[in-house]
Amino acid sequence: MQLFLDTADVEEVRTGVVDWGVVTGVTTNPTLIARAGQDHETQVKKICAIVGNVSAEVVSTKKDDIITEGRRIAAWHENVIVKVPMTPDGLGAGKVLAGEGVRINVTLCFSVNQALLAAAIGAYIVSPFIGRLDDINEPGIELIKSVVAAYRQQSIKTKVLSASLRNPIHVQDSALAGADIGTMPFKVLESMMKHPLTDAGLEKFLADYRKTQEPKPVQSDKGAPAR
Ligand code: E4P
């Protein structure tokens, strides 16, 4: 499973991609762009300069407007994937854009049927949201399992991107369910690498190494047998 960051923060992207070398893409949405405090185009271009596979979401809601906005966003950078909402207009526009060679991510997916519709327009990615299902007392991970199973059964090539991941358990469960991609906030990525035994083990190894660097006590030759 590829690990994507769900962020519009350039420093977080640089850390995950360049410093740690574990992140291969980024998803943004209007909420995350607003939090970054930059205009959409500037922020997306900065992120595209660091990593491929950058989902940028349209804010238009009518089919023709989504097509126009989607073309504009796609022209920003070759790494852009245009995110359209799971609505009739979003699907219709996504189909046109996909036909023009634009990679489409259908977002706000909450059912297997919606995922089948995303595949039907030739979407590159479908984004089932698991955290938001958990929030309303529906087990989100079951949706990932079902979408993966339906896609496998139907030999569908659209990638399943497990979205709205809120904790490290969501990440490992998504991988076990067969998701192609998991997208997560930076703090969840950080929490994936934490384990108390790793910290304790490293501390012990370093302490033992330091002991080998300490000067050896000088041996006295008093009492040694005469030669
Ligand atoms: C990603 O594409 C989604 O926009 C994101 O994962 C939503 O996460 P949230 O439900 O935590 O806002």
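1. Description of the overall build of the protein
Then step 1. A tally of regular secondary structure across the protein gives eleven helices and eight strands.
Then step 2. The C-alpha atoms of the protein give 24 Å as radius of gyration, which overshoots the globular expectation for 227 residues (17 Å, by more than 25%).
Then step 3. Each of the three principal axes of the protein carries a C-alpha extent, and together these read 100 × 40 × 30 Å.
Then step 4. Counting contacts in the protein only where the partners sit at least 6 residues apart, residues at least 24 apart contribute 57% of the total.
Then step 5. With an accessible surface of roughly 12,500 Å², the protein has 54% of that area assigned to carbon and sulfur atoms.
Then step 6. Of the side chains in the protein, 25 bear a positive and 26 a negative charge, and the two mean positions are spaced by 5 Å.

2. Observations concerning the site of the ligand
Then step 1. With respect to spatial proximity, the complete set of residues near the ligand consists of Asp6, Thr27, Asn29, Lys83, Phe129, Arg132, Ala163, Ser164 and Arg166.
Then step 2. Take Lys83: an N or O atom from its side chain is 2.7 Å from an oxygen atom of the ligand.
Then step 3. For the ligand, an oxygen atom lies 2.7 Å from a polar atom in the side chain of Ser164.
Then step 4. In the complex, the protein chains occlude 86% of the 340 Å² of accessible area that the ligand would expose alone.
Then step 5. Residues belonging to the shell around the ligand are distributed by class as follows: two nonpolar, three polar and four charged.

3. As for the nonpolar core
Then step 1. In terms of nonpolar packing, the biggest core is built from 56 residues, with Val44, Val80, Val82, Ile104, Val106, Val126 and Tyr151 touching the most fellow members.
Then step 2. Considering each element in turn, this core owes the most residues, six residues, to helix H8 (residues 140-153).
Then step 3. Excluding anything up to four places from it in sequence, Tyr151 contacts Ala115, Leu116, Ala118, Ala119, Val126, Ile156, Thr158 and Val160.
Then step 4. Of all hydrophobic cores here, the second largest spans seven residues; its members include Ile125, Leu161, Ala163 and Ile181.

4. Structural notes on the sheet that holds strand S7 (residues 159-162)
Within a beta sheet, neighbouring strands are joined by backbone hydrogen bonds and run either parallel or antiparallel to one another.
Then step 1. In spatial order, the strands read S1-S2-S3-S4-S5-S6-S7-S8; together these eight strands close into a barrel with parallel pairing. When the angles between neighbouring strand axes are averaged without regard to direction, this sheet yields 30°.
Then step 2. Packing against the sheet, helix H3 (residues 40-48) makes contact with strand S2 (25-27), strand S3 (54-57) and strand S4 (80-85), and its axis sits at approximately 170° to S3.
Then step 3. Across the sheet, H8 lies against strand S5 (104-109), strand S6 (125-128) and S7, angled at about 150° from S6, the strand it touches most.

5. What about unusual backbone geometry?
Then step 1. One non-glycine residue, Asn137, lies in the positive phi region at around 70°.
Then step 2. With respect to the secondary-structure elements, Asn137 resides in the loop between helix H7 (130-135) and H8.

6. Some points on the pairing of S6
Then step 1. Where burial is concerned, the two faces of S6 agree: the one with Ile125 and Ser127 and the one with Val126 and Pro128 are both buried.
Then step 2. The sheet contact formed by S5 and S6 spans three bridges and is parallel. Along S6, the bridge assignment pairs Val106 with Val126.
Then step 3. Each parallel crossover has a hand, and for S5 linked through helix H6 (residues 112-120) to S6 it is right-handed.
Then step 4. Where S6 lies against S7, two bridges are found, and the strand directions are parallel.

7. Side note on the environment of Ala74
Then step 1. With respect to the helices and strands, the residue Ala74 is situated in helix H4 (residues 63-74).
Then step 2. Under the relative-accessibility criterion, Ala74 is labelled partly exposed at 23%.
Then step 3. Every residue in contact with Ala74, bar those within four places of it in the chain, is listed here: Val80, Val82 and Val102.

Criteria and thresholds
Residues numbered from 1 in each chain as written. Predicted model: local features only at pLDDT ≥ 70, side-chain atom pairs only at ≥ 80, totals over all residues. Heavy atoms only, no water. Helix = DSSP H or I, 4+ residues; strand = E, 2+ residues; numbered from the N terminus. Rg over C-alpha atoms; globule rule 2.2 N^0.38 Å. Contact = heavy atoms within 4.5 Å. Areas by Shrake-Rupley, 256 points an atom, 1.4 Å probe, with all protein chains shown as cover. Lys, Arg positive; Asp, Glu negative; His and termini not counted. Charge placed at Lys NZ, Arg CZ, Asp CG, Glu CD. Near = heavy atom within 4 Å. Polar contact = N/O pair within 3.5 Å; in protein donor to acceptor, adjacent residues only side chain to side chain. Nonpolar A, V, L, I, M, F, W, Y, C, P; charged D, E, K, R; others polar. Core = buried A, V, L, I, M, F, W, Y, C linked by side-chain atoms within 4.5 Å. Buried < 20%, exposed > 50% of the residue type's maximum accessible area, 1.4 Å probe, protein only. Pairing = 2+ DSSP bridges. Axes fitted to C-alpha atoms, helices over the stretch in contact; angles between N-to-C directions. Right-handed = clockwise from strand over helix to strand, strands pointing away.

Just distances and angles here, no functional claims.
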